[in-house]
Amino acid sequence: MGITLSKNAIGSDPSLVGTRSDPKDSYRAPSQWKTYDYVIVGGGTAGCVLASRLSENPNATVLLVEAGQSHKRTFFTKFPMGFAKLLKTKADWEYYSAPQENLNNRQVYMPRGKILGGTSSLNACIYHRCSPQGYFNSWAANGAEDYVVMKSEGYAASASKPDVKLKDHGFNGPWKTSEPDVAPLHHVIMEACAVLGIRWSPDLNTPNGTLGASSFTAFIDTKGRRSSSATAYLTPDVLSRRNLTIIVKSRVDMILFDTNTSISRPRAIGVEFSQARNSPRYRVHARNEIIICAGAFNTPQVLLLSGIGPAADLEEKGIEVIKNLPAVGQNLFDHQSCGALCVRTKAAFSWDYLAKPLPGVFALGGAFFRSDNPSISFESNKNEGDQDIQIADLTSGPKSPDIEFMWFPVLVVNNGFSAAPANVQGMIISALALKPESAGRVFLKTTSVWDKPIIHSNFFSSENDMKLIIRATQLLLKLIKTEPLASIVESTPLPGKSYDFLWPGNVSDPDEPVTPLLPLTHS
């Protein structure tokens, strides 16, 4: 057992949670520090789940350390349409990639949730399980319960989707999902997809795979509110547990190790955390485990700052090497996209006419398919030798897609930071490469956790990725010109000011073949 606090379980005073660090302290004598059975670093999507489940054992004390703020006092996390209001705020880490050589040295904005619930408190609420061939089948083969993911889901069936098989969903889990209403535009896009050979799917979350076009199931409860990992797993009942302690606005500077030479290898015994660059540091001891789940960027940063990673990189920064693990920070993969096309449509098909959309009015649609599907009407993709351009199959299996189309029935310009023209309605639509070959890495800028790590995404370093996104973008442009969607698209230029972000914008010939000079961006 460790210490317990009087409830409120979410606090920000480090002196109530940890022991102030003294340079004279020895890492080999943690008995002087406040102790917990489990210390979880990162209160994001995974961290909230772990804190809830581990604290179910009343005899185990759990400390959750989160760098951001509590979700409870952040208004715009409650409503799905509020996500754009959270970007580039205190709830967002506001990461940017390093200049990308294959994107004309642009730095790509990558929002990440800096708040309890992590990016599940910040994202577009899409509930999508991915292809079972990618993860779930292999989990089951290694002993997990069959399709265990359904245990977390609290699905609310909808009359708007009568073809959904209820046996494919869970109903008693804490994470609430539902089927939001869709804009009229969605049905038109679905018909155009069918013309191109992309079949309709009643449900993108089944054991049979995720191929097809449909509206997305959403992390939205029956009252129209966002369901994040924080609201799902840190309920009032969970927060009332005396064995669970949560501290916010605190960053873990490093993992502390016992390097006693009498043991065969260094053992993690605690963490040190702080609340500002020059503020006092505090230590806590972990009796059983330290669990690092700080996300794709912060997890490697914490490990590297703690001396775990490529020895040469650590030594260059003057960090003591605890364990030479060359893979730490490597193999960073991310979806790659052609960027969001802003497409004008005729009146009443999108939701732009709602000056202030209702909180629960939030639905995106998507299509998942394979680039080698002979039933889909792809554009001819030839090189100078008049040979078909070959794209390597990097998917998890024959039922797994490598391309996604995604659309949202509102004109969103520059991630919502720029205003769309007045009295103009439309949508954003994009093509994504789902299984990229290009691998990036995360490494340290400095030896302080208060300086962001360097994120080198290495987008489109693979020729195969470029071929795939070109094929996907060609089909996307063809979709826009396919009936019945073509009939509701407004392509004539607006009078007066040039709005070059509106498709076809200032492109003289919208039918011109897509080339590698296309303004590629991260999804």
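Residues numbered from 1 in each chain as written. Predicted model: local features only at pLDDT ≥ 70, side-chain atom pairs only at ≥ 80, totals over all residues. Heavy atoms only, no water.

Would you mind showing me how to read the overall build of the chain here?
Across its full length, the chain holds nine helices and 26 strands. For the chain, buried positions account for 50% of its 523 residues. Here the analysis covers contacts within the chain between residues at least 6 apart in sequence; of these, 71% occur between residues at least 24 apart. When the accessible surface of the chain is split by element, carbon and sulfur atoms take 51% of a total near 24,400 Å². (Helix = DSSP H or I, 4+ residues; strand = E, 2+ residues; numbered from the N terminus. Buried < 20%, exposed > 50% of the residue type's maximum accessible area, 1.4 Å probe, protein only. Contact = heavy atoms within 4.5 Å. Areas by Shrake-Rupley, 256 points an atom, 1.4 Å probe, with all protein chains shown as cover.)

I keep staring at unusual backbone geometry and nothing clicks. Help me out?
Following Glu483, the chain continues to Pro484 via a peptide bond in cis, the omega torsion being 5°. Turning to its location among the elements, Pro484 is positioned in the loop between helix H8 (463-480) and helix H9 (485-488). Within the chain, Asn105 stands out as a residue other than glycine whose phi angle is a positive 65°. Turning to its location among the elements, Asn105 is positioned in the loop between strand S5 (95-96) and strand S6 (109-110).

What is the right way to read the confidence of the model for the chain from this model?
The predicted coordinates of low-pLDDT regions are not to be read in fine detail. A residue-level look at the chain finds 88% of positions with pLDDT of 70 or above and a mean pLDDT of 88. In the model, residues 1-6 has pLDDT below 50 throughout and makes 23 contacts with residues more than four positions away in sequence or in other chains. (pLDDT = per-residue confidence, 0-100.)

Quick question: what am I supposed to make of the pairing of strand S3 (residues 34-41) here?
Side-chain positions along a regular strand alternate between the two faces of the sheet. For S3, the tally of buried residues reaches seven of eight residues, placing the bulk of the element in the interior. Relative to strand S15 (residues 282-292), S3 runs parallel, the two sharing seven bridges. Across the sheet, the residue bridging to Ile40 is Ile291, located in S15. Note that S3 and strand S4 (residues 62-65) share four bridges and pair parallel. Looking at S4, one finds that Val41 is bridged to Val65. (Pairing = 2+ DSSP bridges.)

Got a minute to help me understand the environment of Leu211 in this structure?
Within the secondary structure, Leu211 sits in the loop between helix H3 (184-196) and strand S10 (212-215). In sequence terms Leu211 and Ser400 are 189 residues apart; their C-alpha atoms lie 6.9 Å from each other. Discounting chain neighbours no more than four positions away, the residues touching Leu211 are Arg199, Ser201, Phe368, Phe369, Arg370, Pro398, Lys399, Ser400 and Pro401.

Help me understand the side chain of Ser214 in this model?
Assignment of secondary structure puts Ser214 in strand S10. Ser214 has contacts with Lys161, His186, Met190, Ser201, Pro202, Asp203, Leu204, Gly365, Gly366 and Trp407, leaving out every residue within four places of it along the chain.

So what exactly am I meant to see when it comes to the pattern of salt bridges here?
Note on pairing: side chains with opposite charge can pair once their charged atoms come close. Within this structure, the stated rule accounts for 14 salt bridges. Its salt-bridge partner being Asp221, residue Arg225 comes within 3.0 Å of it at the nearest N-O pair. Between Arg281 and Glu272 there is a salt bridge, and its shortest N-O distance comes to 3.0 Å. On the basis of relative accessible area, Arg281 is assigned to the partly exposed category, the value being 33%. Of the residues examined, Glu272 reaches a relative accessible area of 4% and is grouped as buried. Here the residues in one salt-bridge network are Asp253, Glu272, Arg281 and Arg283, joined through shared partners. (Salt bridge = Lys/Arg side-chain N within 4 Å of Asp/Glu carboxyl O.)

Please clarify how the side chain of Ser371 should be interpreted in this entry.
Looking at where Ser371 falls in the secondary structure, it is placed in the loop between strand S20 (365-369) and strand S21 (403-408). A relative accessible area of 5% means that Ser371 is categorised as buried. If we ignore the near neighbours within four places in the chain, the residues touching Ser371 are Phe378, Ile391, Asp402, Ile403, Leu468 and Arg471.

I would appreciate a short explanation of the nonpolar core in the present structure.
Generally speaking, soluble globular proteins have nonpolar side chains that are buried together. Core analysis: the biggest nonpolar cluster contains 50 residues, and Ile198, Phe369, Phe405, Ile429, Leu479 and Leu485 have the highest contact counts within it. Breaking this core down by element, the ones donating at least two residues are H3, strand S19 (341-344), S20, S21, strand S22 (426-433), H8 and H9. Counting residues per element, this core draws most heavily on H8, at ten residues. In contact with Phe369, not counting residues within four places along its chain, are Ile198, Leu211, Ile376, Phe378, Pro401, Asp402, Ile403, Phe405 and Leu475. Of all hydrophobic cores here, the second largest spans 28 residues; its members include Tyr36, Leu304, Leu305 and Val449. (Core = buried A, V, L, I, M, F, W, Y, C linked by side-chain atoms within 4.5 Å.)

For this particular structure, what's the right way to read the packing of aromatic side chains?
Each aromatic ring pair is summarised here by two numbers: the centre-to-centre distance and the angle between the ring planes. As enumerated under the stated definition, the model contains 14 aromatic pairs in all. Pairing Tyr95 with Phe297 gives two aromatic rings, centres 5.3 Å apart and planes at 80°, and the pair type is edge-to-face. You can see Tyr95 sitting in strand S5 and its partner Phe297 sitting in helix H6 (residues 295-305), a full 202 residues away along the chain. Residue classification places Phe297 among the buried positions, given a relative accessible area of 7%. (Phe/Tyr/Trp six-rings, centres within 6.5 Å; stacked < 30°, edge-to-face > 60°.)

So what exactly am I meant to see when it comes to helix H1 (residues 45-54) here?
Residues lying three or four places apart along an α-helix face the same way, a consequence of the helix completing one turn every 3.6 residues. Every buried residue of H1 is listed here: Gly47, Cys48, Ala51 and Ser52. Summarising the axial view, the buried residues of H1 lie within an arc of 130°, below the 170-degree limit, and thus occupy one face. Close packing links the buried residues of H1 with S3, S4, helix H4 (229-233), helix H5 (236-239) and strand S12 (244-247). (Arc of directions from axis to C-beta.)

Explanation requested: the packing of H3 against H8 in the structure shown.
The description of two packed helices rests on the angle between their axes and on the distance between the axes. Closest axis-to-axis distance for the H3/H8 pair is 9 Å, and the angle between their directions is 120°. In terms of axis orientation, H3 runs oblique to H8. H3 and H8 meet at a crossing whose hand is right-handed. Judged by residue contacts, Ile189, Ala192, Cys193 and Leu196 of H3 engage Leu475, Lys478 and Leu479 from H8. Considered class by class, the residues forming the contact of H3 with H8 number six nonpolar, no polar and one charged. (Axes fitted to C-alpha atoms, helices over the stretch in contact; angles between N-to-C directions. Parallel < 35°, antiparallel > 145°, perpendicular 65-115°, else oblique. Left-handed = near helix turned anticlockwise from the far one by under 90°. Nonpolar A, V, L, I, M, F, W, Y, C, P; charged D, E, K, R; others polar.)

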